[in-house]
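What follows is each chain in one-letter form.
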Amino acid sequence: MNFTQSLLKHIDKLVGSLRSDEQLQEVLKRKFTKKEYKIFVAIEEGKSIDEIKALVKEDEEAIQKHYKVACKKLNQEKFKQELVSYE
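Quick look at the structure, then. Keep in mind that what you see is a predicted model, and the values were worked out from it rather than measured.

## Describing a negative patch on the surface
Right, so step 1: Where like charges cluster on the molecular surface, the negative patch consists of Asp50, Glu51, Asp59, Glu60 and Glu61.
Right, so step 2: Of all the secondary-structure elements, those providing two or more residues to the negative patch are helix 4 (49–56) and helix 5 (60–74).
Right, so step 3: Residue position: aspartate 59 is located in the loop between helix 4 and helix 5.

## Overview of the packing of aromatic side chains
Right, so step 1: By the definition in use, this model includes three aromatic pairs.
Right, so step 2: Look at phenylalanine 32 and phenylalanine 79: their rings are 5.5 Å apart centre to centre, the planes differ by 35°, and that puts the pair in the tilted class. You can see phenylalanine 32 sitting in the loop between helix 2 (21–31) and helix 3 (34–44) and its partner phenylalanine 79 sitting in helix 6 (residues 77–83), a full 47 residues away along the chain. For the residue pair phenylalanine 32 and phenylalanine 79, the accessibility class agrees, reading buried in each case.
Right, so step 3: With centroids separated by 5.9 Å and ring planes inclined at 25°, the aromatic side chains of phenylalanine 40 and tyrosine 67 adopt a geometry described as stacked. Taken together, the positions of phenylalanine 40 in helix 3 and tyrosine 67 in helix 5 put the pair 27 residues apart, joining distant regions of the chain.
Right, so step 4: Chaining the aromatic ring pairs together yields one cluster made of Phe32, Phe40, Tyr67 and Phe79.

Rules behind the numbers
- Residues numbered from 1 in each chain as written.
- Predicted model: local features only at pLDDT ≥ 70, side-chain atom pairs only at ≥ 80, totals over all residues.
- Heavy atoms only, no water.
- Patch = residues over 30% accessible without salt bridge, like charges linked within 9 Å, V, L, I, M, F, W, Y side chains within 5 Å.
- Areas by Shrake-Rupley, 256 points an atom, 1.4 Å probe, with all protein chains shown as cover.
- Salt bridge = Lys/Arg side-chain N within 4 Å of Asp/Glu carboxyl O.
- Lys, Arg positive; Asp, Glu negative; His and termini not counted.
- Charge placed at Lys NZ, Arg CZ, Asp CG, Glu CD.
- Helix = DSSP H or I, 4+ residues; strand = E, 2+ residues; numbered from the N terminus.
- Phe/Tyr/Trp six-rings, centres within 6.5 Å; stacked < 30°, edge-to-face > 60°.
- Buried < 20%, exposed > 50% of the residue type's maximum accessible area, 1.4 Å probe, protein only.

So, in structure tokens, the structure goes:
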């Protein structure tokens, strides 16, 4: 999965450039809950809702809720600061 493209799709305003994919993955794992991370990655990889339901053992409504929360977190200033490299 290309984290850079996925994040750019969801972040409204970004100052600076994103870190490498490995570093982005570490930040996301640290900042998201386990379920938010699994759901975000699964949706961005294009998995079907049924596959995601089996993966996280949640219903469709809960999956959508976790995904929305993850997208909201991506636009928080503190969160964005950790995703950006100022070099």
